[in-house]
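Structural description and commentary
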Amino acid sequence: MWNLLGKRVAQGLAPGMAMAAGSSFLQQSRGESLSYHVIATTACEAHPSNDQQARLRRKQTALQYASEQTELPRGITRRFDTRKQLDEIRKSEKEMLLRWERDEEGWRELPARAWPAYQPNPEQLKSIEAEAGKRKCFGKSVDSDLCTELLFNMATALVFYNIDAKRGFQQYEALAKKGHVDSMVACGIVLVEGLGIPPDEKTGIEWLQKAVARNSAQGCYELGTVLYTGIDGIVEEDPEAAFEYFRRAAEQDHTGGMYMMADCLLEGEGTEKNVGRAVPLLYKAAERGHRYSRQKIRELLAQDSI
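Note that the structure is a prediction, hence the values are computed from the model and not measured. (Residues numbered from 1 in each chain as written. Predicted model: local features only at pLDDT ≥ 70, side-chain atom pairs only at ≥ 80, totals over all residues. Heavy atoms only, no water.)

The subject of this paragraph is the overall build of the protein. In terms of regular secondary structure, the protein is built from 15 helices and 2 strands. Approximately 16600 Å² of the protein is accessible, and the part contributed by carbon and sulfur atoms is 48%. (Helix = DSSP H or I, 4+ residues; strand = E, 2+ residues; numbered from the N terminus. Areas by Shrake-Rupley, 256 points an atom, 1.4 Å probe, with all protein chains shown as cover.)

Assignment of secondary structure puts Asp263 in helix H13 (residues 255-267). Exposure remark for Asp263: the relative accessible area of 4% places this residue in the buried category. Separated by 11 residues in sequence, Asp263 and Asn274 have C-alpha atoms that sit 9.9 Å apart. (Buried < 20%, exposed > 50% of the residue type's maximum accessible area, 1.4 Å probe, protein only.)

If you look at the biggest cluster of nonpolar residues, it comprises 72 residues, and the most contacted ones within it are Tyr172, Phe246 and Ile297. With 10 residues, the top contributor of residues to this core is helix H7 (residues 145-160). Ignoring sequence-local partners within four residues, the contact set of Ile297 consists of Ile89, Met96, Trp100, Val279, Leu282, Tyr283 and Ala286. (Core = buried A, V, L, I, M, F, W, Y, C linked by side-chain atoms within 4.5 Å. Contact = heavy atoms within 4.5 Å.)

Moving on: helix H11 (residues 217-229). With 13 residues, H11 extends 18 Å from end C-alpha to end C-alpha; this agrees with the ideal 18 Å at 1.5 Å per step. Counting buried positions along H11 yields 13 of 13 residues, so the element is predominantly enclosed. For H11, the N-terminal capping position is held by Ser216, with its side-chain oxygen 3.4 Å away from the main-chain nitrogen of Gln218. In the segment just after H11, Gly230 is the residue with positive phi, at about 75°. (Expected span 1.5 Å × (residues − 1). Polar contact = N/O pair within 3.5 Å; in protein donor to acceptor, adjacent residues only side chain to side chain.)

Here we take up the packing of H11 against helix H12 (residues 239-251). Packed helices, taken two at a time, are described by the angle their axes make and the gap between the axes. Running from amino to carboxyl end, H11 crosses H12 at an angle of 160°, the nearest separation of the two axes being 8 Å. Here H11 is positioned roughly antiparallel relative to H12, judged by the angle of their axes. H11 and H12 meet at a crossing whose hand is left-handed. In contact with Ala217, Cys220, Tyr221, Leu223, Gly224, Thr225, Leu227 and Tyr228 of H11, H12 contributes Pro239, Ala241, Ala242, Tyr245, Phe246, Arg248 and Ala249. Grouping the amino acids of the contact of H11 with H12 by side-chain chemistry returns 12 nonpolar, 2 polar and 1 charged. (Axes fitted to C-alpha atoms, helices over the stretch in contact; angles between N-to-C directions. Parallel < 35°, antiparallel > 145°, perpendicular 65-115°, else oblique. Left-handed = near helix turned anticlockwise from the far one by under 90°. Nonpolar A, V, L, I, M, F, W, Y, C, P; charged D, E, K, R; others polar.)

Inspection of the entire model under this criterion finds 15 salt bridges. One salt bridge connects Arg99 with Glu95, and the closest N-O pair in it is separated by 2.9 Å. Taken together, the residues span about one helical turn, with Arg99 and Glu95 both in helix H5 (residues 93-103) at a distance of 4 residues. Measuring nitrogen to oxygen at the nearest pair gives 3.2 Å for the salt bridge that ties Arg298 to Glu104. Of the two residues, Arg298 sits in helix H15 (residues 291-302) while Glu104 sits in the loop between H5 and helix H6 (122-134), which places them 194 residues apart along the sequence. (Salt bridge = Lys/Arg side-chain N within 4 Å of Asp/Glu carboxyl O.)

Another aspect to go through is the side chain of Ser216. Among the secondary structure elements, Ser216 is positioned in the loop between helix H10 (201-213) and H11. Residue Ser216 is classed as buried on the basis of its relative accessible area, which comes to 7%. Leave out the neighbours within four places in its chain, and Ser216 touches Val181, Val185, Ala211 and Gln252.

This part is about the environment of Leu227. Following the sequence through the fold, Leu227 ends up in helix H11. Put simply, Leu227 and Ala241 are 14 residues apart on the chain and 6.8 Å apart in space, counted from C-alpha to C-alpha.

Two cysteines, two sulfur atoms, one covalent bond between them: this is a disulfide. Going through the model one piece at a time under the given rule, you end up with 1 disulfide. Across the disulfide, Cys137 is cross-linked to Cys147 (sulfur-sulfur distance 2.0 Å). Negative torsions about the S-S bond denote left-handed disulfides, and the value of about -70° found for Cys137 with Cys147 makes this one left-handed. With Cys137 in the loop between H6 and H7 and Cys147 in helix H7, the pair connects residues that are 10 residues apart, well separated along the chain. With respect to burial, Cys137 and Cys147 carry one shared label: buried. (Disulfide = S-S within 2.5 Å.)

Written out as structure tokens, the structure reads:
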């Protein structure tokens, strides 16, 4: 099990700390995993009737359709052929690895964490504050989308560039109390990790749970990370619950969620080990520039056998 800092690198492109309890949802979904595979059906009679042939065609069509779907009902798990998944990637392996090598040359210039996606630097903060003042965004009654975006970006710069973390958190909190979901996530991260202010893990987790209740992919990822690593004296490790939150994030196309879901599948943590099911998740995240997914794909391709 990684420590909290180690697992938070999983989300983004850059190393550093990636911004990263169970619920009734988990009670519904645990322990219900079923294997899912398609069995070809053939006619049992040498000369089936027209009605039998029609039924057979319908059944075969339904089975073929089911086998092609990427999303399955909750509780159903598709069986993946690991070798087949990797062979598909090998078809363009050389071009892929060269492309990855080229675009990784600029990674040293990336911010220390992958979320929020936009992290204005101190110089950009000046223009954001000026624009917010011009639009009178600092009034208590202002609720425009543009002002919300400006104030969120301002708080991000204050916290993550360690300019004035206390003021930045207060801005996040004000937005979160008005229902801004990303600010709820940010409050959770700042409080859980103690970024520039004293940590308050319990309150931070409550903010993450509020974001998850609003179906925030980032909130699912962050809460999953907390449950995966645990917090001494506050939250026990719960890999099963963590996997469900990573799955929920991945289902919303969250890159870090895909990686963590795949990592759990590779290691059999919180779920049944399933390397074949992990490969497509890793590949999709890797193609978006997720460095740890790329590392895993390289390792899998380098193995002589799976």
